[in-house]
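Descriptive analysis of the structure
Residue strings, one per chain:
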Amino acid sequence: MKIHQLSPDEVLDSLKSGQDGLSQAEALRRLSEYGLNRIDKVRGEPLGLVFIKEFIHFFALILWLAAGLAFFAESRQPGGGMDTLGYAILGVIAINGLFSFWQQFRAERAVAALQKLLPPYVKALRDGRIELILAADLVPGDVIVLQEGDNVPADCRLLEAFSLRVNNATVTGESMPKARDAAPCSEEDLLHGRNTLLAGTSIVSGDGRAVVFATGMHTEFGKIAHLTQTARAATSPMQQEIVRLSRVVALLALSLGVVFFFIGQSVGLSFWENFIFAIGIIVANVPEGLLPTVTLSLAMATQRMAKRNALIRHLPSVEALGSATVICTDKTGTLTENRMVASTLYLNGQILTPTEVKRRHELARVYRRFFEDALLCHNLKETIIAGKPQLLGDPMEVALVCMAKTCLGENISYPKINEVPFDTDRKRLSTLHQTPGGLVLYCKGALEMLLPLCNRLQTGDAITPLTLEAQQNFTRALEDMARDGLRVLAFAWRELEDDHDGERCEHDLILCGLVGLADPPRPEVRDAIGKCRKAGIKVIMVTGDHPHTALAIGRQIGQIQSETPVIITGEQLRKLSEIQLRLALDAPDIIFARVGADQKMRIVSALKKKKHVVAVTGDGVNDAPALKMADIGIAMGVIGTDVAKEAADMILLDDNFASIVAAIEEGRAVYDNIRKFLTYILTSNIPEVVPYLAFALLKIPLPLTIIQILVVDLGTDMLPALGLGADPPDPGIMCKPPRARQERLLNWPLLLRAYLFLGLLEAAAAMAAYSFVLHDGGWSWGERLESHDPLYLQATTACLSAIIMMQVVNVFLCKIPGRSLFGAHVFANRLLLWGVALEIVVILIVVYTPWGHLVFGTAPIAPAVWLFMLPCALGMLLMEEGRKWVAARWRKKRGG
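Just so it is clear, the model here is predicted, and its values are computed rather than measured.

1. Things to note about the overall build of the protein chain
A tally of regular secondary structure across the protein chain gives 33 helices and 26 strands. The buried share of the protein chain, reckoned over its 896 residues, is 56%. Across the protein chain, the fraction of contacts at a sequence separation of at least 24, relative to all contacts at a separation of at least 6, is 73%. Split by element, the accessible area of the protein chain, about 37800 Å² in all, is 59% carbon and sulfur.

2. Points about the side chain of N673
For N673, the location among the structural elements is in helix 25 (residues 657-683). With a relative accessible area of 1%, N673 lands in the buried category. Every residue in contact with N673, bar those within four places of it in the chain, is listed here: R304, L724, G725, A726 and D727.

3. Quick look at a nonpolar patch on the surface
A surface patch of nonpolar side chains, about 550 Å² in accessible area, is lined by F51, I52, I56, L61, W64 and L98. Those elements giving two or more residues to the nonpolar patch turn out to be helix 3 (47-53) and helix 4 (58-76). Tracing the chain through its elements places W64 in helix 4. With relative accessibility at 40%, the residue W64 sits in the partly exposed group.

4. As for the confidence of the model for the protein chain
In this model, the protein chain carries a mean pLDDT of 82, and residues with pLDDT of at least 70 account for 88%. Here helix 6 (residues 110-117) stands out as the element of the protein chain with the lowest mean pLDDT, 44, in contrast to helix 30 (residues 790-815), whose mean of 94 is the highest. Counting contacts from residues 107-115, a segment whose pLDDT is below 50, to residues more than four positions away or on other chains yields 24 contacts.

5. So, the pattern of salt bridges
Enumeration over the complete set of coordinates arrives at 27 salt bridges. We note a salt bridge from E26 to R30, for which the minimum N-O separation is 2.7 Å. Residue E26 and its partner R30 are both found in helix 2 (residues 24-34); the two are separated by four residues, about one turn of the helix. Classification of R30 by relative accessible area gives buried; the value is 7%.

6. As for the packing of helix 18 (residues 525-534) against helix 25
Remark: helix 18 packs on helix 25, axes separated minimally by 8 Å, with the N-to-C direction vectors making an angle of 30 degrees. Classed by the angle they form, the pair helix 18 and helix 25 counts as roughly parallel. The handedness of the crossing between helix 18 and helix 25 is left-handed. Contact residues: helix 18 offers V525, A528, I529, K531 and C532, while helix 25 offers F657, A658 and V661. Among the residues making up the contact of helix 18 with helix 25, the classes are represented as seven nonpolar, no polar and one charged.

7. Comments concerning the sheet that holds strand 9 (residues 326-329)
One open sheet accounts for eight strands, arranged 8-26-25-24-9-21-23-22; its pairing is mixed. Edge positions in the sheet fall to strand 8 (310-312) and strand 22 (566-569), since each of these pairs with one other strand and no more. On average, adjacent strands in this sheet sit at an angle of 20 degrees to one another, irrespective of strand direction. The strands touched by helix 22 (residues 597-609) within the sheet are strand 9, strand 21 (538-542), strand 23 (590-593) and strand 24 (614-618), with strand 24 carrying the most contacts at an inclination of about 160 degrees.

8. A word on helix 29 (residues 748-776)
Helix length check: helix 29 (29 residues) gives 40 Å between terminal C-alpha atoms against 42 Å at 1.5 Å per residue, within 8%. Taken as a whole, helix 29 carries its principal kink of about 40 degrees at G759. In the stretch just after helix 29, G778 is the one whose phi turns positive, near 85 degrees.

9. A few points about the pairing of strand 1 (residues 121-126)
Sheet analysis places strand 1 next to strand 2 (residues 129-134), joined by six bridges and oriented antiparallel. Residue K123 lies in a different strand from strand 2, and its bridge partner there is L132. Here strand 1 folds back onto strand 2 in antiparallel fashion, the turn holding two residues, of which D127 has a positive phi close to 55 degrees.

10. A short note on the packing of aromatic side chains
A complete count under the given rule lists eight aromatic pairs for this structure. Between the aromatic rings of F370 and F371, the centroid separation amounts to 5.0 Å while the plane-to-plane angle is 90 degrees, which identifies the pairing as edge-to-face. Overall, the relative accessible area of 0% leaves F371 in the buried class. Between F370 and F491, the ring centres sit 5.2 Å apart and the planes meet at 65 degrees, which makes this aromatic pair edge-to-face. One end of the pair, F370, is in helix 14 (residues 368-376); the other, F491, is in strand 19 (residues 487-496), and 121 residues separate them in sequence. For the pair shown, F370 and F491 are each scored as buried. Clustering of aromatic rings is evident, with ring pairs tying together F370, F371 and F491. The ring centre of W493 lies 5.6 Å from the NZ or CZ of R369, which sits over that ring.

11. Brief notes about the side chain of S17
Note on placement: S17 falls in the loop between helix 1 (8-14) and helix 2. Dropping the residues within four chain positions of it, S17 is found in contact with L12, L22, G141 and V143.

12. What about the nonpolar core?
M650 and F657 are the most contacted members of the largest nonpolar core, which has 118 residues in total. If one sorts the elements of this core by residue count, helix 30 sits on top with 17 residues. With near-sequence residues (within four places) excluded, M650 lies in contact with A310, L311, I312, L321, I632, G633, I634, A635 and A663. In this structure, M340, L345, A364 and V515 belong to the second largest nonpolar core, which totals 35 residues.

13. Quick notes on unusual backbone geometry
With a phi close to 55 degrees, D127 is a non-glycine residue in the positive phi region. Take D127: it is sitting in the loop between strand 1 and strand 2. Overall, the relative accessible area of 40% leaves D127 in the partly exposed class. Within the chain, D508 stands out as a residue other than glycine whose phi angle is a positive 55 degrees. Among the secondary structure elements, D508 is positioned in the loop between strand 19 and strand 20 (509-518).

14. Examining helix 4
Quick reminder: α-helices carry 3.6 residues per turn. Residues three or four places apart thus point the same way. Taking 1.5 Å of rise per residue, 19 residues should cover 27 Å, and helix 4 covers 27 Å from first to last C-alpha, within 8% of that figure. Among the residues of helix 4, F59, A60, I62, L63, A66, A67, L69, A70, A73 and E74 are the ones counted as buried.

15. A look at the pairing of strand 9
Side chains of strand 9 alternate between two faces, with V326 and C328 and I327 and T329 buried alike. Pairing of strand 9 with strand 21 involves four bridges; the strand directions are parallel. For T329, the partnering residue across the bridge sits in strand 21 and is M541. Alignment of strand 9 against strand 24, held across three bridges, turns out to be parallel. Directly across from C328, in strand 24, lies its bridge partner V616.

Rules of the game
Residues numbered from 1 in each chain as written. Predicted model: local features only at pLDDT ≥ 70, side-chain atom pairs only at ≥ 80, totals over all residues. Heavy atoms only, no water. Helix = DSSP H or I, 4+ residues; strand = E, 2+ residues; numbered from the N terminus. Buried < 20%, exposed > 50% of the residue type's maximum accessible area, 1.4 Å probe, protein only. Contact = heavy atoms within 4.5 Å. Areas by Shrake-Rupley, 256 points an atom, 1.4 Å probe, with all protein chains shown as cover. Patch = residues over 30% accessible without salt bridge, like charges linked within 9 Å, V, L, I, M, F, W, Y side chains within 5 Å. Salt bridge = Lys/Arg side-chain N within 4 Å of Asp/Glu carboxyl O. pLDDT = per-residue confidence, 0-100. Axes fitted to C-alpha atoms, helices over the stretch in contact; angles between N-to-C directions. Parallel < 35°, antiparallel > 145°, perpendicular 65-115°, else oblique. Left-handed = near helix turned anticlockwise from the far one by under 90°. Nonpolar A, V, L, I, M, F, W, Y, C, P; charged D, E, K, R; others polar. Pairing = 2+ DSSP bridges. Expected span 1.5 Å × (residues − 1). Bend = angle between axes of the 7 residues up to and from the residue. Phe/Tyr/Trp six-rings, centres within 6.5 Å; stacked < 30°, edge-to-face > 60°. Lys NZ or Arg CZ within 6 Å of the ring centre and 35° of its normal. Core = buried A, V, L, I, M, F, W, Y, C linked by side-chain atoms within 4.5 Å.

Structure representation (structure tokens):
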């Protein structure tokens, strides 16, 4: 038999302990055998290895190769500027590696957070005496003493309990405090045994003695810690796409290099000239600015999300959230307010809804004893916190007191003469008070326990006999309220003529009403759920609470809309095969209730195997493993445990589910924006490659130098690209379904538009400007120009300037890829405008300052050259607008 199914004496025998606890000698022996009562950290990767990995991922290796080729080319042909390019690429590698490592260094510290929930000291019996010992020194078999307000230091089996209630929310996710006693329990699952106390939970009320049966990593708390540490963090869709993009770019650059090498061979270039030529082609096609732009774009998105109360801990999570197809959300504190409220009353044969409850103050005059019962019959303690009086104890009793004070309009304090405490057998609490009208016994508890004690009923101002019909009405009201997920308590009272023992007076009571208590849903959640549905995002509630409570909340917030939703409990989930679970997840409306930490991970794993991008919300220790396994874990910032926050990728600063929708909107915008600046960056590759092709095939001076390519890739292009990365979300972005998981960041339409349309237009403009300057300077075909010749410097400067001017137009074309620029809010993005302005300033510095001439091999160009470029830029704008018009007509025709 399991330990919670044994009697207290059998438990002590099985643990070789006794009512007086262990001896000091035996405790020391067990400590050496079982180890300290603490959460051990699983050995992770050495910090040095994590650091190195940031510099050897695939795209970094491509950049290392590009830098190496640049240095090699410089060694073969000194003075070509290739060494400057090599150093610039090394700088890009260093910046990205250090930034990414810093993000990793700040990541998961879940073990330190777990330790904070365990108390440092505990009262234990050693050699028959109560001693204050370190919680870390507890061993199996130790007998400990617990009372209201204590945190539970280890997994324990109660030996005796007095009105003891425990808050299990951090471990099991249950919102309601649970009563605990020492009697054997027939429950199969130890987590829900009524005689067990779990490490990391807290005592809400009462006191008792318990024997420790599991410590450290052997506790349920420790098992969750192990799951949290060993669960592998998911690779985000963006990380996967960057890897794929790196491979495509590498293959494309190397392929072009090989092709141009053979072209050079065919036109009679020497081997080394041809080899250097091929290196130039490869380096020109590696977008060195891509990683910095992606990284900085994600960083800016995190700043925007922070303003919308979503704190991003790991940069790739920004885009991952935008790709989410499923949100697995906890209930308590996430969808609900995590506070108990007396939301429904049953008085005088009527169920008062939350709206009608505003009449409570009117009813208080007639049902004064009912509200006095709610106000006085409790075990709460009053204390001062931050200068304000606070009630400590069972949240349900706090809610009842608040409700009574509001209705009565005053805080009544009648002296308590006697009390009969709550326990799991009686399921009721009675208190005897001295009121101005004499002694009154107030009683509250489960209706089935109060009915046999009552023989009268309060109906308005009258006291009438409690008939069978009235009892049936109360029972039906209880069932209706329970179906709505409410915790229902019955109230009764009786006036006494003289002082009596409370328990002997629990008869001939007057039944007066019922109260339904609930953890109310957040008011904004229903609208947020509606937006998720509209955006094609499925919301699944995964909670440790009771199925009835979960279903009621699901209906209130609109998560459940069908008449027959699928509800799977933890016990049922254990019996489902992997295939059965995946099939169950296809249901349009589904709830998982009474599930454990490992089961939450299983649900997330099944969804990911179904090719979903999964976001998981939570606040408790039990949520941490699933938060870590998900594509993106979302923790509550206000009520969330440190464990959940450390395991999460994103933290909601206001604990508002609606903030997730805002973050998803930003995440979707990030993906679109990355595509925009990817198109923008790749477009400039063609005008960088074509000059090399013209140099090899047409036997003309090289129109664009390597160092000038660097101006484009790491100088002027990056500033507007960052502006594109900060573009606000499109107004209709949440009306579209999530992008398909197989949809690629770099696809054929993007490549064709960047390379074979926009890129060719830019290349044509660049070569035209180059030819215009050469022709105007009197150059004749076949004439050789030295690298320091003023005419050559002016011609290459014109080629570079034309690329920049075309990119200025291109950034606006990429900003609005699917519709016409005319009529759109082109100038709404201030960062983009600043980027364009700085781009223009940079090219003017490069063209018209001595420093620019020295570093980049440029020379001043005449105003006529700029005027020559203007029609090219205007032509590019008109041709792209024409392409959009044709594409829109084709889509419309295809849709019709």
